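What follows is the residue order along each chain.
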Amino acid sequence: MANDDLKALIRTIPDFPKPGIQFRDITTLLLDAKGLAACIERMVAATRGPVDLVAGIEARGFLFAAAIAVPLKAGCLLIRKDGKLPGATIAEDYALEYGQDRIAMHADACATGARVLLIDDLIATGGTARAAVRLLRKAGAIVEQAQFLIDLPDLGGADALRADGVAVDSLVAFAGH
Ligand code: AMP
């Protein structure tokens, strides 16, 4: 596989933050200078067409969104947990396994018709990324592509996002949860 070098740099921590979860820890990849550079270069190369803004999802998504935005000559838009942004915000709720959560962005962060590339470190069920797409579209953005360092395809998030009309790319995939 083309990105086995990157996959080898991601550490798996079993039973974190709760029993049964295989936590895919990217801090080991971030520590590796060559791996980090290769990751950013490959995400930039996978980008389809011009992009006005790269939207990163708190918190690990921010790292990749800002790094990718620079070579793409795009701005970087922050999608945060509700209550963290200082200006006027719009928000979107999404379901968790138990209960629900809410993400927000500044209401004036993107112009109507802005072409936005959505970024996060990992897509699992897709709940977070799909809420981010709904939020960005509510703000008037055109969201036709999303990229993740890691996909957990067995959880179906990438396919659900594709069904929402978003082209989804990821560099590595892990089977199971
Ligand atoms: P989801 O909304 O289910 O697609 O979950 C995606 C979000 O949860 C991302 O921001 C990930 O960073 C985090 N996440 C979910 N599952 C894992 C996992 N197995 N390892 C690391 N992070 C995860």
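To be clear, the structure that these remarks concern was listed above.
The structure displayed is predicted, hence computed values, not measured ones.

Visitor: Help me understand the site of the ligand in this model?
Guide: Lining the immediate surroundings of the ligand are 14 residues, of which Arg60, Asp121, Thr125, Gly126 and Thr128 lie closest. Arg24 places a polar main-chain atom, nitrogen or oxygen, 3.0 Å from a nitrogen atom of the ligand. Across the complex, the protein chains shield 80% of the 490 Å² of accessible surface that the ligand would expose by itself. Going through the elements one at a time, strand E2 (22-25), strand E7 (115-123) and helix H5 (127-138) are the ones with two or more residues in the shell around the ligand. For the shell around the ligand, the element with the most residues is E7, which contributes four residues. Looking at side-chain class alone, the shell around the ligand contains five nonpolar, five polar and four charged residues.

Visitor: In this structure, what is going on with the packing of helix H3 (residues 33-45) against helix H4 (residues 60-72)? I would like to understand it.
Guide: For any two helices packed against each other, one specifies the inter-axial angle together with the distance between the axes. Running from N to C, H3 and H4 cross one another at 60 degrees; their axes reach a closest spacing of 10 Å. The pairing of H3 with H4 is recorded here as oblique in orientation. The handedness of the crossing between H3 and H4 comes out as right-handed. Every residue of H4 that contacts H3 at Cys39, Ile40, Met43 and Val44 is listed here: Phe64, Ala67, Ile68, Pro71 and Leu72. Considered class by class, the residues forming the contact of H3 with H4 number nine nonpolar, no polar and no charged.

Visitor: Where do I start with H4 in this structure?
Guide: Because each turn of an α-helix spans 3.6 residues, side chains separated by three or four positions end up pointing in the same direction. Taking 1.5 Å of rise per residue, 13 residues should cover 18 Å, and H4 covers 19 Å from first to last C-alpha, within 8% of that figure. Listed as buried for H4 are Gly61, Phe62, Phe64, Ala65, Ile68 and Ala69. In this structure, the buried residues of H4 make contact with helix H2 (27-30), H3, strand E3 (53-57), strand E4 (75-81), E7 and strand E8 (142-151).

Thresholds applied
Residues numbered from 1 in each chain as written. Predicted model: local features only at pLDDT ≥ 70, side-chain atom pairs only at ≥ 80, totals over all residues. Heavy atoms only, no water. Near = heavy atom within 4 Å. Polar contact = N/O pair within 3.5 Å; in protein donor to acceptor, adjacent residues only side chain to side chain. Areas by Shrake-Rupley, 256 points an atom, 1.4 Å probe, with all protein chains shown as cover. Helix = DSSP H or I, 4+ residues; strand = E, 2+ residues; numbered from the N terminus. Nonpolar A, V, L, I, M, F, W, Y, C, P; charged D, E, K, R; others polar. Axes fitted to C-alpha atoms, helices over the stretch in contact; angles between N-to-C directions. Parallel < 35°, antiparallel > 145°, perpendicular 65-115°, else oblique. Left-handed = near helix turned anticlockwise from the far one by under 90°. Contact = heavy atoms within 4.5 Å. Expected span 1.5 Å × (residues − 1). Buried < 20%, exposed > 50% of the residue type's maximum accessible area, 1.4 Å probe, protein only.

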